[in-house]
Amino acid sequence: MTYLRYSPDVETREPDEQESTDGIIQGMTQESQTVEKRDGHAVRASHAKSTACVIGKLIVAPGLPPELAQGLFAEPGTFDVAVRFAQGPGEKLGDRVSTHRGMSIKVFGVEGAKLPGHDAPTQDFVLASGTTFPAGTAAGFLSQAKKIGLTVPMPEGVKSAAASVARNINKVLNAVGAGPSPTLDFYGHPFSHPLVEEYFSQCPVRFGDHVAKIGAFPVAAEQKALADWQLDPHQDEDGFRHAAVDYFEGNDAVFELRAQLWTDAETQPIEDTSVDWPTSESPYRTVATIRLPRQSAYGPDRVRYFDEVMTFRPAHSLEVHRPLGGVMRARMQVYQALSDFRHRENGIAAANTADIRDIPA
């Protein structure tokens, strides 16, 4: 198999990309203002409602082949990690509005050249359910953000109904063998357990000498045993959180971090993240294991720190894992601007957390 090499010219900017990015920032800031006015508090513009806030270890696998032994994964070793699991919307809704999920990972003790503006010894991976980002490009991201913006002022019951329609259509697509629509899954995700989910970067990143997409795959037997678990949102509107907290009270969670290397510029585009990279051409291959031991996953002090203080951003990165493509270039600006807004409105100083010991127990 031939693994394509990274070079700066793998990216091609859209002519109006900065205009699209500015529009995303403006629109999502307005959404955040609407939520703040309604709830009296500014929250994250995406993945606002956390379900578990945990710490653990990332263990880089020994004996990786050269194409995988890159960047953070160049040498075997163990790193501290903080992981935040969350629901997708930029508002804290009841769990009957089940949309896409998020898993944000901060790796500590990471040495090497960082992207401009990132001065902590850390590497963030911001992952979500679904292998693709349906918007595809910065212009598509702007279009999607506008549609989401229209829904923010709507009653929660309307959002729940829309999510239900999306889920049901995807059930039909699965039943006829067509496979689920990533766009519909974004708006209406199954009522599955958050620790059974697979999470993906959706967009490519530099992978040392190469390029890759990143995925986190649950592998512990206790996680796999929850494959048929389904939330009844009529019984518990915070059921995803309660399920995750209950799990961590008695069990360890284990995820394999895997890389899908770039092998074909035609079938694996850098600049259109709506295209799923075929695993038949390049499978996800394990580079590290994330072990999250049993713990109190929702203590008040830790949750406040994770939700209100700590920041997870694609731009918190080593140069050798630089985010790539128009959606990622937009995200690097959007995350910064929206984080600045949220912390400013709440009067809380943001922290680019540099040491896991700064995280409350």
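Residues numbered from 1 in each chain as written. Predicted model: local features only at pLDDT ≥ 70, side-chain atom pairs only at ≥ 80, totals over all residues. Heavy atoms only, no water.

By the naming in an unreviewed UniProt entry, the protein goes by Catalase family protein and is assigned to Sphingomonas cynarae.

Draft legend 1. Just the overall build of the protein, in detail. When its secondary structure is counted, the protein shows eight helices and nine strands. Over its C-alpha trace the protein gives a radius of gyration of 19 Å, about what one expects of a compact globule, namely 21 Å for 361 residues. Taken across its 361 residues, the protein has 55% of its residues classed as buried. Residue pairs at least 24 apart in sequence account for 79% of intrachain contacts in the protein once pairs closer than 6 positions are excluded. (Helix = DSSP H or I, 4+ residues; strand = E, 2+ residues; numbered from the N terminus. Rg over C-alpha atoms; globule rule 2.2 N^0.38 Å. Buried < 20%, exposed > 50% of the residue type's maximum accessible area, 1.4 Å probe, protein only. Contact = heavy atoms within 4.5 Å.)

Draft legend 2. A look at the environment of E198. Note that E198 resides in the loop between helix 4 (182-187) and strand 5 (199-200). Judged by its relative accessible area of 37%, E198 falls in the partly exposed class. Sequence separation of E198 and L127 is 71 residues, and the distance between their C-alpha atoms is 9.2 Å.

Draft legend 3. Highlighting the pairing of strand 1 (residues 50-60). Within strand 1, eight of the eleven residues are buried, which leaves the element mostly enclosed by the surrounding structure. The pairing of strand 1 with strand 9 (residues 284-292) spans four bridges and is classified as antiparallel. Of the residues in strand 9, the one forming a bridge with L58 is I290. (Pairing = 2+ DSSP bridges.)

Draft legend 4. Structural detail: the pattern of salt bridges. A full pass over the atoms with the stated rule returns 21 salt bridges. Residues K49 and D238 are paired through a salt bridge, measuring 2.7 Å at the closest nitrogen-oxygen approach. Highlighted residues: K49 in the loop between helix 1 (17-39) and strand 1 and D238 in the loop between helix 5 (221-224) and helix 6 (239-250), separated in sequence by 189 residues. Assessed through its relative accessible area of 28%, D238 is described here as partly exposed. (Salt bridge = Lys/Arg side-chain N within 4 Å of Asp/Glu carboxyl O.)

Draft legend 5. Expanded view of the nonpolar core. Counting residues in each nonpolar core, the largest one holds 59 residues, and the members touching the most others are F73, F85, I105, F248, F255, L257 and L292. The biggest single contributor to this core is strand 8 (residues 253-261), with six residues. Ignoring sequence-local partners within four residues, the contact set of F73 consists of V60, L64, L68, F125, F207, L257, V287, A288 and H321. Listed in part, the 15 residues of the second largest apolar core include V126, Y305, Y335 and I359. (Core = buried A, V, L, I, M, F, W, Y, C linked by side-chain atoms within 4.5 Å.)

Draft legend 6. Seen up close, empty space enclosed by the protein. All chains considered together, the criterion is met by three cavities of 30 Å³ or more. The wall of the largest cavity is formed by Q123, D124, F125, V126, L127, S201, V205, P314, H321, P323 and M328. Take the lining of the largest cavity: its biggest share by element is five residues, from strand 4 (residues 122-129). Here the residues of the lining of the largest cavity are counted per class, giving seven nonpolar, three polar and one charged. (1 Å grid on protein atoms, 1.4 Å probe; cavity = no way out; pocket = protein on both sides within 12 Å on 5 of 7 lines; lining within 4 Å. Points joined across faces, edges and corners; volume = space filled by probe spheres on them. Nonpolar A, V, L, I, M, F, W, Y, C, P; charged D, E, K, R; others polar.)

Draft legend 7. Region of interest: the packing of helix 7 (residues 300-309) against helix 8 (residues 326-346). Direction vectors running N to C along helix 7 and helix 8 enclose 120°, while the axes themselves pass 10 Å from each other. One element, helix 7, and the other, helix 8, form an angle in the oblique class. From helix 7, D307, E308 and V309 reach across to helix 8, where they touch R342, H343 and N346. Split by residue class, the contact of helix 7 with helix 8 holds one nonpolar, two polar and three charged. (Axes fitted to C-alpha atoms, helices over the stretch in contact; angles between N-to-C directions. Parallel < 35°, antiparallel > 145°, perpendicular 65-115°, else oblique.)

Draft legend 8. View of the layout of surface pockets. Approximately 290 Å³ is the volume found for the second largest pocket. Lining the second largest pocket are 15 residues, and of these L115, P116, A315, R322 and M332 sit closest to its centre. Residues belonging to the lining of the second largest pocket are distributed by class as follows: five nonpolar, five polar and five charged.

Draft legend 9. Representation of the pairing of strand 4 in the model. With eight of its eight residues buried, strand 4 lies for the most part within the structure. Residues T122, D124, V126 and A128 line one face of strand 4 and the alternating positions Q123, F125, L127 and S129 line the opposite face, and both faces are buried. Looking at chain direction, strand 4 and strand 5 are connected through two bridges and run antiparallel. Directly across from A128, in strand 5, lies its bridge partner F200.

Draft legend 10. The arrangement of unusual backbone geometry in detail. For H47, which is not a glycine, the phi torsion comes out positive at approximately 55°. Positionally, H47 belongs in the loop between helix 1 and strand 1. Within the chain, Q202 stands out as a residue other than glycine whose phi angle is a positive 65°. Relative to the helices and strands, Q202 resides in the loop between strand 5 and strand 6 (205-207).

Draft legend 11. How the structure looks around the packing of aromatic side chains. This structure, assessed with the given rule, holds 13 aromatic pairs. The interplanar angle of 90° and the centroid separation of 5.7 Å between the aromatic rings of Y247 and F248 together place this pair among those described as edge-to-face. Look at Y247 and you get buried, because its relative accessible area is 5%. By relative accessible area, which is 0% here, F248 ends up buried. Taken together, F73, F125 and F207 form an aromatic cluster joined through their ring pairs. Taking NZ or CZ as reference, K106 lies 5.2 Å from the ring centre of F312, over its face. (Phe/Tyr/Trp six-rings, centres within 6.5 Å; stacked < 30°, edge-to-face > 60°. Lys NZ or Arg CZ within 6 Å of the ring centre and 35° of its normal.)

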